[in-house]
2 protein chains.
Amino acid sequence: MKRREFIKGAAVAGAAAAASTVISAPALSQGRKEWIVASSFGKAGILGRHLDAFADFVTAATGGELSMKVFHAGELVGAFENFDAVESGTAQMGLGAPYYWAGKSNAISFIAAMPFGLNAQEQNAWFYYAGGIETADKIYNQFGMKFFPMGNTGNQMGGWYNREINTIEDFQGLKFRMPGHGGEVLKTFGVNVVLLPGGEVLSSLASGAIDGTEWIGPAADMGFGLYKAAKYYYFPGWHEPATVLDGFINLDAWNALTDSQRAVIERGAAATNMLMLSEFQARNDAALQALINEHKVDLRKYPDAVLNQIGARAGEVLQDIASRDALSKSTFEAIVKFRRTALRWTNTSEGAFAKARALPFKFPG
Amino acid sequence: MKRREFIKGAAVAGAAAAASTVISAPALSQGRKEWIVASSFGKAGILGRHLDAFADFVTAATGGELSMKVFHAGELVGAFENFDAVESGTAQMGLGAPYYWAGKSNAISFIAAMPFGLNAQEQNAWFYYAGGIETADKIYNQFGMKFFPMGNTGNQMGGWYNREINTIEDFQGLKFRMPGHGGEVLKTFGVNVVLLPGGEVLSSLASGAIDGTEWIGPAADMGFGLYKAAKYYYFPGWHEPATVLDGFINLDAWNALTDSQRAVIERGAAATNMLMLSEFQARNDAALQALINEHKVDLRKYPDAVLNQIGARAGEVLQDIASRDALSKSTFEAIVKFRRTALRWTNTSEGAFAKARALPFKFPG
């Protein structure tokens, strides 16, 4: 069953690639479809608003022939139950983050973010033009689903701490909330890594039950109120250089669409990817300045010696996680292969330009 | 007339913003529309292929109710005549680069790229969530048009040279092809800035009529064959930190669309923006390695002292260009205001992460 769906999914992916060159008959003749879209996120935040806009776009662009009704976290199923809902066909589509499904697949977290891995621009180059979507689909097809990158937080912050991090020894005994591969790396330095639902993070930090937590970045973290319970705000987010949101679609539902409906979802998801990342980038500076100036947060950079030790350990931990099964191994190898080439280009382009822009010359503004 | 169109355009922009929340009646009832889309670029390159895919998407997504026929450079009008064609209504839409229209508007080049200005991710943050599209529309509305960012080259290379650049004095007397504001900056260092159509660049370089030229980046430059006539390939592209392609639409044609057709164009253009940038990022490293290893190109970084002197001069030259009229001034001020905040965030996020990733630790791959 799983294997048949995988083969069917692969054929569909080929058809979808060709879809944008085909002019379909008007959708009216195909019959109306109503999709349930289940989200891991709340309605009010940046992620929830972008999902609503995507669903409204698909509904409008298809003239209502494919209408999407969004259920935000907790409205239909719990925040982390939407993957099951889409696999079973209760919902046709979901939005989450790939590492939320780590309990189902050892390989899937690599799709979300990788400590010391790709930044957002590099991730998107990999997804769209270097085989990344196909690599992800090998994982999602196992669950009868198709994957689309559907948003990105950009580079995250390193996290909130109630203790200074001056040497690698300062991690020893720290109680810290960090999900995903970043947490696996910190465990090896003696961190007591805690997993907590979002609703308990602030109170746990305030009570001293945890010494710190990572979340997203200034725009999201400020609304979450973490500055009320932690003093130090560390950067950079080595653990999540950029984090991908996953749009996942039930393959039976996907196969029942017309070519033009598939194209609307495919390009609509790419537009959401662009717009969500842009919104985080546009809002983060003002939020960070408010955290520093109004809320008296102490902004700190992880010392280079600490980052260098974490970087070396991250490579070992990731390689160990990747060695657990063939799909994890091939996924990890695809990413690190692209990473090598992407770094070389980024260093010659964006990296060298960033250094040039930081030279001491005076510039208007 | 121009002013009336501007006011009408502003009202339409408001309606378009609301469009994605409205479910339109099926497009069939609105009557079919056929648009002519005129491009500044050839059919075969990355830019031409992305425009074809965009037009096919709009045609398919609207079930042919809004069909787009693309005319690449020279097929209907010349490469730089499409702006006039869209202004006059001969074509409904065009794709080019904002600085191609510098002869019509002193302000418009700022929308394309700015020496030592924003990188691609920062440009998109500005366009979509910090007033950039509205700022650009104040310029495009003067010509009865609406603007969309519809692609980005990412950070360009500094250019091809037949002489080494070791000090700022090495620019004296150099015959160099560099359009836009970068060329204006180099002129002040004694460069004889030459403007040449693409078809004459390689032969002029080979004959010694010019000493060098900038083009785009490795993936585009390799196909163009510039390595055959120039030895040194300099980085970074301080003159075009990232270059925006402009989708421009005749306002009368835009006003005649349904809400859902406008949404298809708006999100379709955002998807093209994401996909084109991703393709350049994915292809540039392999092209650069081939240039170095197969074509024996000598990759060189501009010395920091040279970049620092160019940076200081760039600020003065840009301020002078911006002072020529009110619209140029307000456009420039909007960009440099956003630049200040964007740099602060980029330095704390992507910039600090890039430095952490470049530490000497060993990593797989």
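Note that the structure is a prediction, hence the values are computed from the model and not measured.

Conventions used here
- Residues numbered from 1 in each chain as written.
- Chains lettered and ligands numbered in written order.
- Predicted model: local features only at pLDDT ≥ 70, side-chain atom pairs only at ≥ 80, totals over all residues.
- Heavy atoms only, no water.
- 1 Å grid on protein atoms, 1.4 Å probe; cavity = no way out; pocket = protein on both sides within 12 Å on 5 of 7 lines; lining within 4 Å.
- Points joined across faces, edges and corners; volume = space filled by probe spheres on them.
- Helix = DSSP H or I, 4+ residues; strand = E, 2+ residues; numbered from the N terminus.
- Nonpolar A, V, L, I, M, F, W, Y, C, P; charged D, E, K, R; others polar.
- Least-squares fit on C-alpha atoms with pLDDT ≥ 70 in both.
- Contact = heavy atoms within 4.5 Å.
- Buried area = accessible area lost by both parts, 1.4 Å probe.
- Salt bridge = Lys/Arg side-chain N within 4 Å of Asp/Glu carboxyl O.
- Polar contact = N/O pair within 3.5 Å; in protein donor to acceptor, adjacent residues only side chain to side chain.
- Phe/Tyr/Trp six-rings, centres within 6.5 Å; stacked < 30°, edge-to-face > 60°.
- Buried < 20%, exposed > 50% of the residue type's maximum accessible area, 1.4 Å probe, protein only.
- Lys NZ or Arg CZ within 6 Å of the ring centre and 35° of its normal.
- Core = buried A, V, L, I, M, F, W, Y, C linked by side-chain atoms within 4.5 Å.
- Axes fitted to C-alpha atoms, helices over the stretch in contact; angles between N-to-C directions.
- Parallel < 35°, antiparallel > 145°, perpendicular 65-115°, else oblique.
- Left-handed = near helix turned anticlockwise from the far one by under 90°.
- Pairing = 2+ DSSP bridges.

Q: Can you walk me through empty space enclosed by the protein in this structure?
A: Rolled over the atoms, a probe with the dimensions of a water molecule shows which regions are left empty. If you walk through the whole model with that rule in mind, you get nine cavities of 30 Å³ or more. Taken as a whole, the second largest cavity holds about 110 Å³ of empty space. Together, Q121, N124, M274, L277 and S278 of chain A together with Q121, N124, M274, L277 and S278 of chain B line the second largest cavity. Listed by contribution, the elements that provide at least two residues to the lining of the second largest cavity are α5 (120-129) and α11 (259-293) of chain A together with α5 (120-129) and α11 (259-293) of chain B. Here the residues of the lining of the second largest cavity sort into four nonpolar, six polar and no charged.

Q: Explain the relation of the copies chain A and chain B here, please?
A: Two chain copies, one operation linking them: a rotation about an axis together with a shift along it. Superposition record for chain A on chain B: RMSD 0.0 Å, screw rotation 180°, translation along axis 0.0 Å. What the superposition gives is, in effect, a two-fold axis relating one chain to the other. If distances are taken from each C-alpha of chain A to the rotation axis, the shortest is found for A271 of chain A, at 2.1 Å. Take the interface residues of chain A: 100% of them recur as interface residues in chain B, which is what a same-surface contact looks like.

Q: Looking at this model, I keep getting lost on the interface of chain A and chain B. Mind explaining?
A: Interfaces are often sized by the amount of accessible area the parts lose when they come together. Taken together, the contact pairs 91 residues of chain A with 92 residues of chain B. Of the roughly 8,100 Å² buried where chain A meets chain B, counting both sides, 68% is carbon and sulfur surface. Among the residues chain A hides against chain B, the three largest losses belong to R267, W345 and R357 of chain A. Together they make up 11% of the total. Among the ionic pairs, R357 of chain B bridges to E122 of chain A, the shortest N-O distance being 2.8 Å. Scanning the region where chain A abuts chain B turns up 16 residue pairs in polar contact (both at pLDDT 80 or more). For the side of chain A that touches chain B, the elements supplying multiple residues, two or more each, are α2 (46-61), α5, α11, α12 (304-322) and α13 (326-357) of chain A. Per-element tally for the side of chain A that touches chain B: the top contributor is α11 of chain A, with 20 residues. For the side of chain A that touches chain B, the per-class residue count stands at 48 nonpolar, 29 polar and 14 charged.

Q: What's the story with the packing of aromatic side chains in this structure? I'm lost.
A: For any pair of aromatic rings, geometry is given as the distance between the ring centres together with the angle between the planes. Here the structure, examined in full by the defined rule, presents 46 aromatic pairs over all chains. With a centroid separation of 5.8 Å and 90° between ring planes, the pair formed by Y100 of chain B and W101 of chain B is classed as edge-to-face. For Y100 of chain B, a relative accessible area of 30% corresponds to the partly exposed category. Following the ring pairs from residue to residue traces out a cluster consisting of F41, F80, F83, Y99, Y100, W101, W126, F127, Y140, F143, F147 and F248 of chain A. Looking at K146 of chain B, its charged tip hangs above the ring of F148 of chain B, at a distance of 4.7 Å from the centre.

Q: Is there a simple way to explain the nonpolar core in this structure?
A: Side chains of nonpolar character tend, in soluble globular proteins, to be buried together. The biggest cluster of nonpolar side chains holds 131 residues, and the ones touching the most others in it are Y140 and F171 of chain A together with Y140 and F171 of chain B. Apart from the residues within four sequence positions on either side, F171 of chain A is in contact with Y161, I165, L186, F189, G190, V191, Y302, V306 and I310 of chain A.

Q: When you look at the pattern of salt bridges in this model, what are you seeing that I'm missing?
A: Note that side chains of opposite charge can pair when their charged atoms are close. A complete count under the given rule lists 36 salt bridges over all chains for this structure. Of the charged contacts, one joins K329 of chain A and E333 of chain A as a salt bridge, the two residues approaching to 3.1 Å between their closest N and O atoms. Of the two residues, K329 of chain A and E333 of chain A both sit in helix α13, four residues apart, roughly one turn of that helix. On the basis of relative accessibility, which here comes to 42%, the residue E333 of chain A falls in the partly exposed class. Note that D259 of chain B and R262 of chain B form a salt bridge whose closest N and O atoms lie 3.2 Å from each other. With D259 of chain B and R262 of chain B both in helix α11 and three residues apart, the pair spans about one turn of that helix. Through salt bridges that share partners, R49, E279 and R283 of chain A make up one connected network.

Q: Explain α5 of chain A to me, please; I cannot follow it from the model alone.
A: Helical periodicity: at 3.6 residues per turn, an α-helix aligns residues three or four positions apart in one direction. Residues and elements named next belong to chain A. Counting buried positions along α5 gives nine out of ten residues, so the element sits mostly inside the fold. All of the buried residues along α5 are A120, Q121, E122, Q123, N124, A125, W126, F127 and Y128. For α5, the N-terminal cap is N119; the gap from its side-chain oxygen to the backbone nitrogen of Q121 is 3.2 Å. Count one or two residues on from α5 and you reach G131, which has phi positive near 85°.

Q: For this particular structure, what's the right way to read the packing of α2 of chain A against α11 of chain B?
A: For any two helices packed against each other, the geometry is given by the interaxial angle and the distance between the axes. Between α2 of chain A and α11 of chain B, the shortest axis-to-axis distance is 9 Å and the interhelical angle comes to 125°. One way to sum up the angle between α2 of chain A and α11 of chain B is to call them oblique. As for how α2 of chain A packs across α11 of chain B, the hand of that crossing is left-handed. Residues A53, F54, F57, A60 and A61 of chain A of α2 of chain A form the contact with α11 of chain B, whose participating residues are S260, A263, V264 and R267 of chain B. Residues that form the contact of α2 of chain A with α11 of chain B fall into these classes: seven nonpolar, one polar and one charged.

Q: Quick question: what am I supposed to make of the sheet that holds strand β5 (residues 159-161) of chain B here?
A: What links the strands of a sheet is backbone hydrogen bonding, and the strands pair in either a parallel or an antiparallel sense. Residue and element names in this part refer to chain B. Spatially, six strands are ordered β7-β6-β8-β5-β9-β11 in an open sheet, and the strand pairing comes out mixed. With one partner strand each, in any of the chains shown, β7 (192-194) and β11 (298-301) form the two edges of the open sheet. With three bridges joining them, β5 and strand β9 (residues 232-235) adopt antiparallel strand pairing. Its bridge partner being in β9, W160 is matched across the sheet by Y233.

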